[in-house]
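These are the residues of each chain, in order.
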Amino acid sequence: MVIAIDGPAASGKGTLARRLAAYYGLPHLDTGLLYRAVGAIVLAQGRLQDEAAAVEAARTLDVAALDPDTLRTAELGEAASVVAARGGVRAALLDLQHRFAAQPGGAVLDGRDIGTVICPKAQAKLFVTATPEVRAERRHRELIGRGEDIAYAAVLADIRKRDERDSARAAAPLVQADDAVLLDTSALDIAQAFEAALAIVEARRRGS
Ligand code: CDP
Ligand code: CDP
């Protein structure tokens, strides 16, 4: 079973993906980390806007060495969204995502284009969302907890800008797949969101 989870920044898709993967005993890939890692490489080179550099970084990415702790910063979220708009970068990361999804038994992937581009035939697709304010509150709390000194207003502005860029780009824009189920987690805590997500996946497993 392949479970595809998409949605905007800090909607809770990663948390749901991890929990669903643990529940079903499936491997999980947070595809945002791939773009964050490419962003980190070109940022360190001072070449964030250089498409050729970003494509090269994507082609030679060492997936085994990805470190979520260093990649989940506000700065790298922004850098990720810049390189993710490049078609060449997305193409270079396609194969490894397809291979991950094709593992025997299945997989859970979360990102922006899993249900639309990476796994269009996934058995269960969720499009997770929440209001920008709720998402900014959650992300702000998370970043502060990780030691980043950042204001709520800056997080909200970053989320709005990133949503806009991710939705407006030509290459694999953030859009709900026709057969994805919308899950708005604005008023749900993590346990409630998980129950709702599980019910959606189970309904798909039963073929309804
Ligand atoms: O956790 P958060 O939703 O804030 O970000 P992320 O999932 O780590 O993704 C960072 C950025 O990578 C996004 O803003 C997108 O621009 C890009 N991304 C993408 O284009 N396609 C994906 N499948 C995953 C991430
Ligand atoms: O992967 P994505 O960027 O969509 O979001 P996440 O990393 O799963 O969640 C962002 C933050 O919101 C985390 O600190 C979660 O613990 C928190 N969260 C929450 O408070 N309530 C939810 N229903 C979902 C996530």
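Below or above, wherever it landed, is the structure these notes cover. This structure is a prediction, so every number in the text was calculated from the model and none was measured.

1. What to know about the packing of helix α1 (residues 13-24) against helix α11 (residues 190-205)
How two helices sit against one another is set out by the angle between their axes and by the gap between those axes.
So, point 1. The contact between α1 and α11 brings their axes to 10 Å, and the two run at 55 degrees. Judged by the angle between their axes, α1 and α11 are oblique. At the point where α1 passes α11, the crossing takes the right-handed sense. Along the contact surface, α1 presents Thr15, Leu16, Arg19, Leu20, Tyr23 and Tyr24, while α11 presents Ile190, Ala193, Phe194, Ala197, Leu198, Val201, Glu202 and Arg205.
So, point 2. Among the residues making up the contact of α1 with α11, the classes are represented as ten nonpolar, one polar and three charged.

2. Topic: helix α5 (residues 74-84)
So, point 1. In terms of burial, α5 is a largely internal element, ten of the eleven residues being buried.
So, point 2. On its buried face, α5 is in contact with α2 (32-44), α3 (51-59), α4 (68-71), α6 (87-92), α9 (132-145) and α10 (152-168).

3. A closer look at the layout of surface pockets
Remark: the empty space left among the atoms is shown by a probe the size of a water molecule rolled over them.
So, point 1. Here the largest pocket defines a volume of roughly 950 Å³.
So, point 2. Along the walls of the largest pocket sit 41 residues, with Ala10, Gly12, Gly14, Arg139 and Glu142 positioned nearest its centre.
So, point 3. For the lining of the largest pocket, the elements supplying multiple residues, two or more each, are α1, α2, α5, β3 (107-111), α9, α10 and α11.

4. Quick notes on the site of ligand 1
So, point 1. Lining the immediate surroundings of ligand 1 are 18 residues, of which Lys13, Arg36, Arg139, Arg162 and Asp166 lie closest.
So, point 2. Here an oxygen atom of ligand 1 sits 2.8 Å away from a polar atom, N or O, in the side chain of arginine 90.
So, point 3. Separating an oxygen atom of ligand 1 from a side-chain N or O atom of arginine 162 is a distance of 2.7 Å.
So, point 4. In isolation ligand 1 offers 530 Å² of accessible surface; the protein chains occlude 96% of this area.
So, point 5. Given that more than half its atoms are within 2 Å of the pocket grid, ligand 1 belongs to the largest pocket.
So, point 6. Put simply, the parts of the chain that give the shell around ligand 1 at least two residues each are α2, α5 and α10.
So, point 7. The residue inventory of the shell around ligand 1, partitioned by class, reads five nonpolar, four polar and nine charged.

5. So, the sheet that holds strand β1 (residues 2-6)
So, point 1. Taken in spatial order, the five strands make up an open sheet running β2-β3-β1-β4-β5, and their pairing is parallel. The open sheet has two edge strands with one neighbour each: β2 (28-30) and β5 (181-184). Pairs of neighbouring strands in the sheet enclose a mean axial angle of 20 degrees, with direction left out of account.
So, point 2. Strand direction decides the pairing type here: β1 and β3, joined by five bridges, are parallel.

Rules and cut-offs
Residues numbered from 1 in each chain as written. Chains lettered and ligands numbered in written order. Predicted model: local features only at pLDDT ≥ 70, side-chain atom pairs only at ≥ 80, totals over all residues. Heavy atoms only, no water. Axes fitted to C-alpha atoms, helices over the stretch in contact; angles between N-to-C directions. Helix = DSSP H or I, 4+ residues; strand = E, 2+ residues; numbered from the N terminus. Parallel < 35°, antiparallel > 145°, perpendicular 65-115°, else oblique. Left-handed = near helix turned anticlockwise from the far one by under 90°. Contact = heavy atoms within 4.5 Å. Nonpolar A, V, L, I, M, F, W, Y, C, P; charged D, E, K, R; others polar. Buried < 20%, exposed > 50% of the residue type's maximum accessible area, 1.4 Å probe, protein only. 1 Å grid on protein atoms, 1.4 Å probe; cavity = no way out; pocket = protein on both sides within 12 Å on 5 of 7 lines; lining within 4 Å. Points joined across faces, edges and corners; volume = space filled by probe spheres on them. Near = heavy atom within 4 Å. Polar contact = N/O pair within 3.5 Å; in protein donor to acceptor, adjacent residues only side chain to side chain. Areas by Shrake-Rupley, 256 points an atom, 1.4 Å probe, with all protein chains shown as cover. Sits in = over half its atoms within 2 Å of the grid points. Pairing = 2+ DSSP bridges.

Nothing here speaks to function; it is all geometry.
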